[in-house]
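Listed below, chain by chain, are the residues.
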There are 2 protein chains.
Amino acid sequence: MVVELVSVGTEILLGNIVNTNAAWLAEQCALLGCSLYHQTVVGDNESRMEETIRQALERSDVVILTGGLGPTKDDLTKEVTARVFDRPLYMDSHTKERITEFFRISGKEYQITENNWKQAMVPEGAAVIDNDNGTAPGLILEDKEKKKAAILLPGPPGEMRAMFEKDIAPWLNRLQPEGIYSRMIKICGIGESQAETMVADLMEKQGNPTLAPYAKIGEVHFRVTAKAVSEEKAELLMEPLCREMQKRFGQAIYTMDEEVTLEEAVVSLLKEKGFTVTTAESCTGGKLAGRMLNVAGASDVYREGYITYANESKEKLLGVAHDTLEKFGAVSPQTAREMALGAARQAGADAALSVTGIAGPGGGTPEKPLGLVYIGCTVGERTEVREFHFSGNREKNRDYAVVRALTFLREMLLEKDGKREKGESR
Amino acid sequence: MVVELVSVGTEILLGNIVNTNAAWLAEQCALLGCSLYHQTVVGDNESRMEETIRQALERSDVVILTGGLGPTKDDLTKEVTARVFDRPLYMDSHTKERITEFFRISGKEYQITENNWKQAMVPEGAAVIDNDNGTAPGLILEDKEKKKAAILLPGPPGEMRAMFEKDIAPWLNRLQPEGIYSRMIKICGIGESQAETMVADLMEKQGNPTLAPYAKIGEVHFRVTAKAVSEEKAELLMEPLCREMQKRFGQAIYTMDEEVTLEEAVVSLLKEKGFTVTTAESCTGGKLAGRMLNVAGASDVYREGYITYANESKEKLLGVAHDTLEKFGAVSPQTAREMALGAARQAGADAALSVTGIAGPGGGTPEKPLGLVYIGCTVGERTEVREFHFSGNREKNRDYAVVRALTFLREMLLEKDGKREKGESR
């Protein structure tokens, strides 16, 4: 089944917003096993929109349109598509009720205008998809003779995604003899090219299931995808490959759940072990704590943390020895070690991470070049330090340091041998 | 002049990456005064790419293609476009030298493979655009008879943007009788709809220059754009509108420089006044410090900061009174005030920001609902607290709190009356 995406909206055409809808929908449709050959963006212009829809329907089986379903005169997607399918519009009482209800619940009944009833107009014979997060319903128009369909979804991502997941994905899946099922294997602490080399043979001989890598900042994700008539059958197909991946990557796999982030995995592990944690940051300046505390409920494991930019602050707040700073400098394995130890002691925490480095753009020297970062990690009685050489700009170096720190803590918590060769870089 | 964007790459088509190139190029072309009616994405497929390029050239004057200029067999953009323009390829010695030089400088000469010379092949009569950040040159192919042109740029944003700014923008500008010049007016502390209402009359009667709002998280940016034969003429056209904007928004304008961020404006202001600053964060958990320390050279004004998630940490690190926490709770104006005062004292800083609130998803009560955040700000002898009600998810609430805190500090530094009505929300 060939699916084509058409994004409607002058604000996308002029670059005022980035077209994240197309990327999200494309990924979802690819996961469902659909083929994708074209994506188009067209503005709120009647004739160009009609031409675009006609061309898309000619070359693809299903055209998914997003945007242009609002209540204003500029919103034309429904009207133009209905004309292409030669279907008159009628007032749909079910949708009208839902719109009234939507305003009532949010206490804004007084805001309903005549314009809003435009959103309750529906092309004859179209399937109406309820919108739980807004007023514009989704629509499916089918030409059963030509075996073509257009799916209309609202532009706001929160509305569009919920409707796609609840109603459109099952509808698309029913059109195909086999469904597509997948699992995400998330790996930290192993570089992208190394990870790909480790599974080169698996990628070469892949068929059903398939194996695809996705590089993230400091992480590698592999998606395992199987085509099967049922979820159970798909699981049976994916099982051996997943087991093989686990054998090869072992504890470097931090989750096989699509929704779980690295910081969530680390916080879960801390909770599991009954450990508390703290952070002492110099060059990352709060970003590491900020990311760890993204996790709802992180307060169970994290009580306090320190941002120690100045040397005096490292001494005063963390008890780093004046001599250490003088002799080895703020960016040194010795300082990173004392920062981690001092933070754990000061916070009364079981574990601590410290980061000190030269994020750039200034501050580099031949001995301590830009991108040099030391990360210290204390877990219980053990304290270790790792040296990194990052090669991005200030922002990237700080982001990589955050991921490396989380990975380091995770590995120490798993009591994996934390030693690395000196000079390791991303 | 009608410009059309064609993005080439299966990874965009399948949603593996978001098409930020199209948004960026569209914005740049719109700023140059070009008209944009279509954007297309096509995969690494020869016949579909050829069809797409031919159609784009039929309906537009200039087609900008990004991606597909790499050294592998999958990279077809140059080959297909050359065929459409009926131009044979030849080995360009200048580009070959540049590629060799690029590898030599990065110390990776040994990595040059036969594949790389594919990137030095150039269509006859094409203008070659040097790439300072990679190996694939850009190309301009013109059909002077039909008055059509194709511009080919590499996919990596860092390479593409630099080449567009340096060579493509001036080339496009030369094709037009008048150039487009613009200024960005960045505003904080005023909501989007309020800001737009304040300039509704200016937006209604706009002509040359134009005025366009862009909503950012917690900020509003207005772009003033003028069409003129020279930059001086454009400045003369923009001047009265910019002056009027300054009159209406006053100190809420934190910069009129496109490149300056809010945190940079705040750090500059601190430096200007010779003030140091610190932060005490509960619900934002390091994000505020992390953002402020994005600014290179922030170490001049920021020495240390505190993340105090637990009540005991607020007492121990910041000296918040036990009674205050007991009587009013951690999320209260009283606690926010003592946190800011305590942080300034502890860090020996001239100014301090504190954040305490309920970011969600849990923790809300009828009296203290989800999204309630208190921000405290101390500058010299003055300490004030503001109450906010955010209505997003955990991540959004924390991001809004960070922007509101920076805005608060900026206003206090400017000695603006910091008082707000209770219950203010974003």
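Owing to the predicted nature of the structure, the values given are computational and were not obtained by experimental measurement. In every chain, residue numbers begin from 1 and rise along the written sequence. Labels are handed out in written order, letters beginning with A for the chains and numbers beginning with 1 for the ligands. Given that this is a predicted model, residues contribute local features only at a pLDDT of at least 70 and side-chain atom pairs are listed and counted only at 80 or more, while totals for whole chains, interfaces and linings are drawn from all residues. With hydrogens and water set aside, each side-chain value is computed from the structure's full complement of heavy atoms.

**Here we look at the overall build of chain A**
Point 1. From N to C terminus, chain A includes 15 helices and 17 strands.
Point 2. If one aligns the C-alpha atoms of chain A with their principal axes, the spans along those axes are about 85 × 55 × 40 Å.
Point 3. The cut-offs for exposure are 20% and 50% of the maximum accessible area for each residue type, with area from a 1.4 Å probe on protein chains only; residues under the lower value are buried, those over the upper are exposed, and the others partly exposed. Per-residue burial for chain A yields a buried fraction of 53% across its 426 residues.
Point 4. The contact criterion used throughout is that any non-hydrogen atoms of two residues lie within 4.5 Å. The contacts in chain A between residues at least 6 apart in sequence include a share of 69% that link residues at least 24 apart.
Point 5. Here chain A has roughly 18,300 Å² of accessible surface; of this, 48% comes from carbon and sulfur atoms. Under the scheme used here, helices are H or I runs from DSSP no shorter than 4 residues and strands are E runs no shorter than 2 residues, and both carry numbers assigned from the N terminus. The Shrake-Rupley method, run with a 1.4 Å probe, gives the accessible areas here. Residue values count only the displayed protein chains as cover.

**Focus on the interface of chain A and chain B**
Point 1. Each partner contributes residues to the interface: chain A has 57 residues there, and chain B has 57 residues.
Point 2. Buried surface at the junction of chain A and chain B, summed over both partners, amounts to about 4,400 Å²; 53% is from carbon and sulfur atoms.
Point 3. Buried area, as used here, totals the accessible surface that two parts lose on assembly, with accessibility defined by a 1.4 Å probe and the loss added over both. Per-residue buried area on chain A facing chain B is highest for A:Q39, A:I307 and A:Y309; these three make up 14% of the total on that side.
Point 4. Criterion for a salt bridge: a side-chain nitrogen of Lys or Arg within 4 Å of a carboxyl oxygen of Asp or Glu. Summed over the shared surface of chain A and chain B, the number is two salt bridges.
Point 5. Salt-bridge contacts for A:E304 lead to B:K316; the nearest nitrogen and oxygen are separated by 3.0 Å.
Point 6. For this analysis, a polar contact is any N or O atom pair within 3.5 Å, provided that within protein one partner can donate a hydrogen and the other can accept it, and provided that sequence-adjacent residues contribute only side-chain to side-chain pairs. One can count 35 residue pairs in polar contact (both at pLDDT 80 or more) joining chain A with chain B.
Point 7. Here the side of chain A that touches chain B takes seven residues from strand β2 (residues 35–42) of chain A, the largest share from any one element.
Point 8. When its residues are assigned to classes, the side of chain A that touches chain B shows 26 nonpolar, 20 polar and eleven charged.
Point 9. At least two bridges found by DSSP between two strands are what make those strands a pair. Here five bridges tie β2(A) to strand β2 (residues 35–42) of chain B, and the two strands are oriented antiparallel to one another. Bridge assignment links A:V42 to a residue of β2(B), and that residue is B:H38. Gly falls in the polar group here, along with every residue not listed as nonpolar (Ala, Val, Leu, Ile, Met, Phe, Trp, Tyr, Cys, Pro) or charged (Asp, Glu, Lys, Arg).

**Regarding the sheet that holds strand β10 (residues 210–216) of chain B**
Residue and element names in this part refer to chain B.
Point 1. Strand order in the open sheet made by the four strands is β10-β11-β9-β12, with antiparallel pairing throughout. What marks the edges here is a single partner per strand, and that holds for β10 and β12 (253–255). This sheet shows a mean twist of 35° between the axes of neighbouring strands, independent of strand direction.
Point 2. When β10 meets strand β11 (residues 219–228), the two strands line up antiparallel, connected through seven bridges. Across the sheet, the residue bridging to L211 is V224, located in β11. For helices, the fitted axis covers only the stretch in contact; all axes are lines through C-alpha atoms, and the angles between them, taken along N-to-C directions, range from 0 to 180 degrees.

**Here's the deal with the sheet that holds strand β14 (residues 304–308) of chain B**
Point 1. Overall, mixed pairing links the ten strands, which are arranged β17(A)-β16(A)-β15(A)-β13(A)-β14(A)-β14(B)-β13(B)-β15(B)-β16(B)-β17(B) in an open sheet. Where the open sheet ends on each side, the last strands, each with one partner, are β17 (382–389) of chain A together with β17 (382–389) of chain B. In this sheet, neighbouring strand axes are inclined to one another by 15° on average, regardless of whether the strands run parallel or antiparallel.
Point 2. In this sheet, β17(A) lies alongside strand β16 (residues 372–379) of chain A in antiparallel orientation, the contact comprising eight bridges. Its bridge partner being in β17(A), A:G376 is matched across the sheet by A:V385.

**Observations concerning the relation of the copies chain A and chain B**
Point 1. Here the copies were fitted onto each other by least squares, based on C-alpha atoms from residues at pLDDT of at least 70 in both. Superposition record for chain A on chain B: RMSD 0.3 Å, screw rotation 180°, translation along axis 0.1 Å. When the rotation and shift are considered jointly, the pair of chain copies conforms to a two-fold rotation axis.
Point 2. When the interface residues of chain A are mapped onto chain B, 100% of them are again interface residues, pointing to one common binding face.

**Side note on the packing of aromatic side chains**
Point 1. Only Phe, Tyr and Trp rings take part, Trp by its six-membered ring, and two of them pair if their centres are within 6.5 Å. Stacked means planes under 30 degrees apart, edge-to-face means over 60, and tilted covers everything else. Enumeration according to the criterion identifies twelve aromatic pairs over all chains in this entry.
Point 2. Ring centres of B:F388 and B:F390 lie 5.6 Å apart, and the angle between their planes is 10°; this geometry places the pair in the stacked category.
Point 3. The class of B:F390 is buried, set by a relative accessible area of 4%.
Point 4. Put simply, the rings of A:F388, A:F390 and A:Y400 touch in pairs and so form one group of aromatic residues.
Point 5. The ring of A:W117 is capped by A:K96, whose NZ or CZ atom sits 4.9 Å from the centre of that ring.
Point 6. Above the plane of the ring of B:F408 lies B:R386, whose end atom (NZ or CZ) is 4.0 Å from the centre. Either the NZ atom of lysine or the CZ atom of arginine qualifies as a charge over a ring when it sits within 6 Å of the ring centre and within 35 degrees of the ring normal.

**What about the confidence of the model for chain A?**
Residues and elements named next belong to chain A.
Point 1. Mean pLDDT over chain A: 91, with 97% of residues reaching 70 or higher.
Point 2. Every residue gets a pLDDT, meaning the predictor's confidence in that residue, from 0 to 100. Across residues 416–426, confidence stays below pLDDT 50; counting only partners more than four residues off in sequence or on other chains, it has 24 contacts.
Point 3. Complex prediction metrics read pTM 0.78 and ipTM 0.77.

**Some remarks on the environment of B:R174**
All names here are of chain B.
Point 1. The residue R174 is located in helix α6 (residues 157–174) in this model.
Point 2. Residue R174 is classed as exposed on the basis of its relative accessible area of 62%.
Point 3. Spatially, the C-alpha atom of R174 lies 37 Å from that of E114, the residues being 60 residues apart in sequence.

**Things to note about the pairing of strand β13 (residues 277–281) of chain A**
Looking along a regular strand, one sees side chains alternate from face to face of the sheet.
Residues and elements named next belong to chain A.
Point 1. Taken across its five residues, β13 has five buried, putting it largely inside the fold.
Point 2. As judged from the five bridges shared by β13 and strand β15 (residues 351–357), these two strands associate in the parallel manner. From the neighbouring strand, A280 faces β15, where its bridge partner is S354.
Point 3. A crossover connection joins β13 to the parallel strand β14 (residues 304–308) through helix α11 (residues 287–292); in handedness this β-α-β unit is right-handed. The definition of a right-handed crossover adopted here requires that, viewed with the strands pointing away, the path from the first strand over the helix to the second runs clockwise.

**Description of unusual backbone geometry**
Residues and elements named next belong to chain A.
Point 1. With an omega dihedral of 10°, the bond running from N208 to P209 counts as a cis peptide bond.
Point 2. Summarising the element assignment, P209 is placed in the loop between α8 (200–204) and β10 (210–216).
Point 3. The backbone phi angle of D86 is positive, close to 60°, even though this residue is not glycine.
Point 4. Tracing the backbone through its elements, the reader meets D86 in the loop between α4 (77–84) and β4 (89–91).

**Some details on a negative patch on the surface**
Point 1. Each patch is built from residues lacking any salt bridge and having more than 30% relative accessible area; the joining distance is 9 Å for like charges and 5 Å for nonpolar side chains (Val, Leu, Ile, Met, Phe, Trp, Tyr). A residue counts as positive if it is Lys or Arg and as negative if it is Asp or Glu; His and the chain ends are not included. Note that the charge is assigned to NZ on lysines, CZ on arginines, CG on aspartates and CD on glutamates. Among the surface-exposed residues, A:E165, A:D257, A:E259 and A:E264 lie close enough to one another that they form a single negatively charged patch.
Point 2. Among the secondary structure elements, A:D257 is positioned in the loop between β12 (253–255) and α10 (262–273).

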